[in-house]
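Architecture at a glance
Next come the chains, spelled out residue by residue.
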Amino acid sequence: MDEKYFPEKIEVKWQKHWNETNAFGVERDDRRPPFYCLEMLPYPSGFLHMGHVRNYSIGDALSWFKRLQGFNVLHPIGWDSFGQPAEQAAIKRGIHPRDWTEENIAHMRGQLKRIGISYDWRREIAAHTPEYYKWDQWFFLKMYERGLAYRRESQVNWCPKEETVLSNEQSSGGVCWRCGAIVEKKNIEQWFLRITNYAEQLLEEMKEIEGGWPERVLTMQRNWIGRSKGAYVDFAIKDAETKVRVFTTRIDTIYGATAIVVAAEHPLVASLSEESQLKTDVMQFVERVKASAQKRTNAGDEEIEKEGINTGLIAVNPFSGEAMPVWVANYVLMEYGTGAVMSVPAHDERDFEFAQKYSLPIRRVIERISHEQEVIEHDPSREDQSMAMPHAFTDYGILVNSGDWSGRLSEDAIEEMALFAKARGFGEEAVTYRLRDWGISRQRFWGAPVPIIYCDRCGVVPVPEEDLPVTLPDHAEFTGAGQSPLAGVAEFVNTTCPKCKGAARRETDTMDTFIDSSWYFFRYCDPRNERAPFDKEKIAYWTPVSQYIGGIDHAVMHLLYTRFWTKFMRDIGLVSFNEPVKRLMTQGMVTNLVEGTGEWKRMSKSLGNGVDPDDMIAAYGADAVRLFVLFAAPPENELRWQETGIEGAVRFLRRVYGMIWRWHERLSDALQRRSDPGAEEFSVEARSLRRKTHQTIARITADFEELHFNTSVAALMELSNALGDFQAEPHMASVGDLYAVREALESLVLMLTPFTPHAAEEMWESLGHTGGILSGETRWPQTDEELARKEELEIPVQVNGKLRSRIRATPDTPEDELREAALGDDKIRSFTNGREVVKVIVVPQRLVNIVVR
RNA sequence: GCCGGAGUGGCGAAAUUGGUAUACGCACCAGACUCAAAAUCUGGCGUCCGCAAGGAUAUGGGGGUUCGAGUCCCCCCUCCGGCACCA
């Protein structure tokens, strides 16, 4: 041990030690409890940023803690190495995506090792390797077999900048999740996964993770799935064989329907236009709406002005028999429900706005319950009055003007009217979802090829399992044009049909990279398996993931897909649980001041407020950086980067290191073989130090379970402050003193391990232990409740709830003694003098409150 | 608009879940060491009154429950995040 703390020296030394001893390598071991600590796998952009450092520091702290508690801790890392940036590099610089990706991985791997994150590196995986993406393709085939993967032409979200399709999740808010370009609509043939089959389960089984996942993530997923319970109702079209089906959550308002409104893309419009029954102005309107919908964005735009046109068709309300016009309008979405709605202006804001603009009748059919009597008896001109309403009345209430249904409550009518419709054959109860099927085709090179072959004779033919993987060619031309570069590689495209052996073509689209990340953490459990994605027994031991840590940006995309994937894996018998992740923590972002603005913003190159982890490690050491990152804020909060904060972390480490230096010789030789001192050998100060030690252990152990790292560090600082205040000089210390100091230092060092593993290893060695912290029987320190108990307490005494004095007591001073001591206290007497004591509240070990009048 | 989260010193934040509000750290101020600076160490640090002892006051605002509220209940305000013509 050096006298001074030299992080660069210590860190290299222990990283080498861990590497040589395979310190973090684990295997399935049925005698030990597993703990699976997982951080979201990084995209190999080339450089680690502070967000990564924070993510992995959190995971590493938890991993070390669980490891020291005796768990068999799986802590792996890998690379989400397919995707767009590699292909951009290929287009711009003519470098093959694979070369670019692998160079980046090599560099980032080195960075991770320099931070000293305790990964089992033997389990490292990368999505772009055929050994990995073979299983992406395998899963695709399994879904195809079960009808969960299908191909259809549809309007998709198209990123004009990247020239590729985006899934619904990836174009949330009308902009590309990656580059921020405004998303366009385009019709294209592509592959989908039937995630909507799992909509109900994705919602229902959330119950199992409530409490373990942040509320806001669950809420976002709930909103995204967007379950809505209501009913379908069929409106017949007059003088035609056809009818139009609407979806409504408010069937109770159906007597107030004064029009049917359909989307521009609605089949009714198309079919009638073919028969030339539609007027040309309607046709023109429909084309105009369709065209503007393609350009439409809702990224911060104002609400689009509602527009519509009367088709001249007449629909018939199946409940009332009333006839009403059919309109086409831009505010009805083809993608949701049936693409047709019944317009009830009196009870829906949008319909109200539309009706006002086009002077459609507004008829009130629900009244507020409290005014029920008045309304029915004193308001004969109700219809006229409701014409003047400034807003729609959207609450539940009581039905009026609704034929036989008048007088019913909305809640009851909603159920009964749907049943009635079903009995009469013109409708039924229905549940709709906002969730759409997952479009996974990408017109890109750098992804897993969709394992499908098109044969002129046999049609769509899946690649046989034994022919997997369908590998990417070594050469392709990267032009950036709007189709997959694979289409230009003849030896890839041209193949033989697995069925008829005739000439055939391969699918040239690749799969969304979110497929890679939907199941990667299962692969970590068995990363080199060549016969299956993983061994079932192995994942049964390790999964579900005990704790997952990552950014909030994946709250909907990745975390929804992986839940879906797990449910599918369950259905084909690969796992026996519903949810892949028991506990999720979403870390806050790392921000830095943007120069000249006074604003804290996420670190980024373009804002010039980025901080390079390598620079920080070079300046302060990895341990100090990690300590600061975990101490400065609770993990889910924003972390404001402050270099003075790191300096504080270094100061603390130097202080602790200095204390070890001061004591280590005396402690390691004098106490090594001595049995525990008797109680009488401990001075008051030594007993007090031991108390602090054991209180700290208890506190930190509890904090770790809740991932409260910041308060853990604070507690360690307190313990080190207590050690600093401990007066004895090493050479004069009594046996009791030495024992107490040793206990405090060893506990301090062990509990520092999750935060500053390199420094902890070094100090642990200085205290006379060989082979490293993980060797032998080293364990997280245990609290001795007896020693942690306070010997003497200061009990606050309040008069009428205000603190007025304190009295000394022991933890087992009986209640009445506390009461007498409080009442007898001089200061208290000055407040109670001449007043009547009404009541004395004594909370043992806590406080006394005297109520006077 | 709907849903979720949060408002505590100059700043990041604590508060054993109803019991001493502001732990720990950063910044700042004073002192020691130094020719000086840095580093280090010691002390101070919510606000107001006071030389002090001490007192008053304070957890976004208002009300309530309670012996006692940052914490529980009601109303309001502000900020952050998500979704948004979803019928």
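Residues numbered from 1 in each chain as written. Chains lettered and ligands numbered in written order. Predicted model: local features only at pLDDT ≥ 70, side-chain atom pairs only at ≥ 80, totals over all residues. Heavy atoms only, no water.

Focus: the side chain of aspartate 60
Threshold: Under the scheme used here, helices are H or I runs from DSSP no shorter than 4 residues and strands are E runs no shorter than 2 residues, and both carry numbers assigned from the N terminus. Polar contacts, as counted here, are pairs of nitrogen or oxygen atoms within 3.5 Å of one another; within protein the pair requires one atom able to donate a hydrogen and one able to accept it, and residues that are adjacent in sequence qualify only if both atoms are side-chain atoms. Any pair of residues with heavy atoms lying within 4.5 Å of one another is described as a contacting pair.
Its location among the elements puts aspartate 60 in helix H2 (residues 50–68). A polar side-chain atom of aspartate 60 sits 2.4 Å from a polar atom in the side chain of arginine 626. Apart from the residues lying within four places of it in its own chain, the contact partners of aspartate 60 are Glu39, His75, Gly116, Ile117, Ser118, Arg626 and Pro754.

Overview of the pairing of strand S26 (residues 590–594)
We count it as follows: Using a 1.4 Å probe on the protein chains alone, a residue whose accessible area is under 20% of its type maximum counts as buried, one over 50% counts as exposed, and one in between counts as partly exposed. Paired strands, in this sense, are two strands between which DSSP finds at least two bridges.
In terms of burial, S26 is a largely internal element, 4 of the 5 residues being buried. Where S26 meets strand S28 (residues 639–640), 2 bridges bridge the pair, whose relative direction is parallel. Counterpart to threonine 591 in the pairing with S28 is arginine 640. Sheet analysis places S26 next to strand S27 (residues 599–602), joined by 4 bridges and oriented antiparallel.

As for the protein's contact with RNA strand B
Definition in use: A cutoff of 4 Å decides nearness: a residue is near a molecule or strand if any of its heavy atoms lies inside that distance of it.
As a matter of local geometry, RNA strand B sits amid 50 residues, with Ser172, Lys306, Arg350, Ala632 and Arg806 nearest to it. Looking at RNA strand B alone, sugar and phosphate atoms form 64% of those within 4 Å of the protein. In this structure, a base nitrogen belonging to RNA strand B sits 2.5 Å away from a side-chain N or O atom of arginine 846. When contributions to the surface near RNA strand B are tallied by element, the ones reaching two or more residues are helix H7 (215–225), strand S9 (243–248), helix H20 (643–670), helix H22 (709–725), strand S29 (793–799), strand S30 (802–809), strand S31 (837–843) and strand S32 (847–852).

Thoughts on the sheet that holds strand S7 (residues 184–193)
Strand order in the open sheet formed by 4 strands is S6-S5-S7-S17, and the pairing between neighbours is antiparallel. Lying at the two open borders of the sheet, with one neighbouring strand each, are strand S6 (164–166) and strand S17 (438–439). Two strands pair when backbone bridges link them, and strand S5 (residues 149–159) and S6 are joined in this way by 3 bridges, in the antiparallel orientation. Paired with tryptophan 158 across the two strands is valine 165, which belongs to S6.

Some words on the packing of helix H3 (residues 84–93) against helix H4 (residues 97–115)
To keep things clear, this is the line we draw: An axis is simply a line fitted to the C-alpha atoms; with a helix, the fit covers only the stretch in contact. Between two such axes, the angle follows the N-to-C directions and lies from 0 to 180 degrees. We call two directions roughly parallel when the angle between them is under 35 degrees, roughly antiparallel when it is over 145, roughly perpendicular when it lies between 65 and 115, and oblique otherwise. Less than a right angle of anticlockwise turn of the near helix away from the far helix marks a crossing as left-handed, whereas a clockwise turn marks it as right-handed.
Interaxial distance between H3 and H4 falls to 8 Å at its minimum, and their mutual angle equals 120°. Between H3 and H4, the angle is such that the two are oblique. H3 and H4 meet at a crossing whose hand is right-handed. Counting all contacts with H3, which are made through Pro85, Ala86, Ala89, Ala90 and Arg93, the residues of H4 involved are Pro97, Trp100 and Thr101.

Notes on the environment of histidine 107
Mapped onto the elements of the fold, histidine 107 is located in helix H4. Along the backbone, histidine 107 and methionine 659 are 552 residues apart, and their C-alpha atoms lie at a distance of 37 Å.

With respect to empty space enclosed by the protein
A probe matching the size of a water molecule, rolled over the atoms, marks out where space remains unfilled. Defined as follows: With a 1 Å grid laid over protein atoms only, a set of points is called a cavity when a 1.4 Å probe fits there but cannot get out and a pocket when it is open yet has protein on both sides within 12 Å along at least five of seven lines; lining residues have an atom within 4 Å of a point. Grid points are joined across faces, edges and corners, and a volume is the space filled by probe spheres set on the points. Three classes are used, and their members are as follows: Ala, Val, Leu, Ile, Met, Phe, Trp, Tyr, Cys and Pro are nonpolar, Asp, Glu, Lys and Arg are charged, and the others, Gly among them, are polar.
Across all of its chains, the model carries 2 cavities of 30 Å³ or more by this definition. Taken as a whole, the largest cavity holds about 140 Å³ of empty space. As for the largest cavity, its lining consists of 18 residues, of which Gln84, Arg178, Arg442, Arg444 and Thr513 are closest to the centre. Top element by residues in the lining of the largest cavity is S6. It accounts for 3 residues. Among the residues making up the lining of the largest cavity, the classes are represented as 5 nonpolar, 7 polar and 6 charged. Put simply, the second largest cavity is a space of about 30 Å³. Contributing to the lining of the second largest cavity are Leu793, Ile795, Ala809, Thr810, Pro811, Thr813, Leu818, Pro844 and Gln845. The class makeup of the residues in the lining of the second largest cavity is 6 nonpolar, 3 polar and no charged.

Side note on the packing of aromatic side chains
Selection criterion: Stacked, tilted and edge-to-face are the three classes assigned to paired rings of Phe, Tyr and Trp, where Trp is represented by its six-membered ring and a pair needs centres within 6.5 Å; plane angles under 30 degrees give stacked, over 60 edge-to-face, the rest tilted.
This structure, assessed with the given rule, holds 53 aromatic pairs. Between tyrosine 132 and tryptophan 519, the aromatic rings sit 4.6 Å apart at their centres with planes inclined by 10°, giving stacked as the arrangement. Placement of the pair is tyrosine 132 in helix H5 (residues 130–145) and tryptophan 519 in helix H15 (residues 516–523), with a sequence separation of 387 residues. Residue tyrosine 132 is classed as buried on the basis of its relative accessible area of 4%. The class of tryptophan 519 is buried, set by a relative accessible area of 0%. An angle of 90° between the planes, with centres 5.2 Å apart, marks the rings of phenylalanine 628 and tryptophan 641 as edge-to-face. One end of the pair, phenylalanine 628, is in helix H19 (residues 622–631); the other, tryptophan 641, is in the loop between S28 and H20, with 13 residues separating them in the sequence. Here the two residues phenylalanine 628 and tryptophan 641 agree in accessibility, since each one is buried. Grouped by ring-pair contacts, the aromatic residues Tyr132, Trp135, Trp138, Phe139, Trp177, Tyr198, Trp438, Phe514, Trp519, Tyr561, Phe564 and Trp565 constitute a single cluster.

What about the confidence of the model for chain A?
The cut-off we apply is this: Per residue, pLDDT captures the predictor's confidence, and it can take any value from 0 to 100.
Per-chain confidence: chain A averages 89 in pLDDT, with 94% of residues scoring 70 or above. Overall, residues 297–301 carries pLDDT values under 50, and its contacts beyond four positions in sequence, including any with other chains, amount to 5 contacts. Overall, residues 371–387 carries pLDDT values under 50, and its contacts beyond four positions in sequence, including any with other chains, amount to 14 contacts. Overall fold confidence for the complex sits at a pTM of 0.92, while the interface term, ipTM, reaches 0.94.

Describing the environment of glutamate 746
Mapped onto the fold, glutamate 746 is located in helix H23 (residues 735–752). Remark: the alpha-carbon pair of glutamate 746 and leucine 774, spanning 28 residues in sequence, is separated by 14 Å.

Details of a positive patch on the surface
Note the cut-off: Patch membership requires over 30% relative accessible area and the absence of a salt bridge. Like charges are linked within 9 Å, and nonpolar side chains (Val, Leu, Ile, Met, Phe, Trp, Tyr) within 5 Å. Methods summary: accessible areas were calculated by the Shrake-Rupley approach with a probe of 1.4 Å, and residue burial reflects only the protein chains presented. For this document, the term salt bridge refers to a Lys or Arg side-chain nitrogen within 4 Å of an Asp or Glu carboxyl oxygen. When charges are counted, Lys and Arg are positive and Asp and Glu negative, with His and the chain ends excluded. By convention, charge coordinates are those of NZ in Lys, CZ in Arg, CG in Asp, or CD in Glu.
Side chains of Lys4, Arg651, Arg654 and Arg655 sit close together on the surface and give a patch of like positive charge. Secondary-structure assignment places arginine 654 in helix H20.

Some thoughts on helix H13 (residues 410–424)
To be explicit about the condition: Every helix has an expected span of 1.5 Å times one less than the residues it contains. It is the directions from the helix axis to the C-beta atoms that the arc portrays.
Over its 15 residues, H13 extends 20 Å from the first C-alpha to the last, a length consistent with the 21 Å expected when each residue adds 1.5 Å. When H13 is considered as a whole, its buried residues turn out to be Ser410, Ala413, Ile414, Met417, Ala418 and Ala421. Viewed along the axis of H13, the buried residues span an arc of 125°, placing them on a single side of the element. What points out from H13, more than 90 degrees from its buried face, is the exposed set Lys422 and Ala423. Buried residues belonging to H13 abut strand S8 (228–237), strand S14 (366–367), strand S15 (398–399) and strand S16 (427–432).

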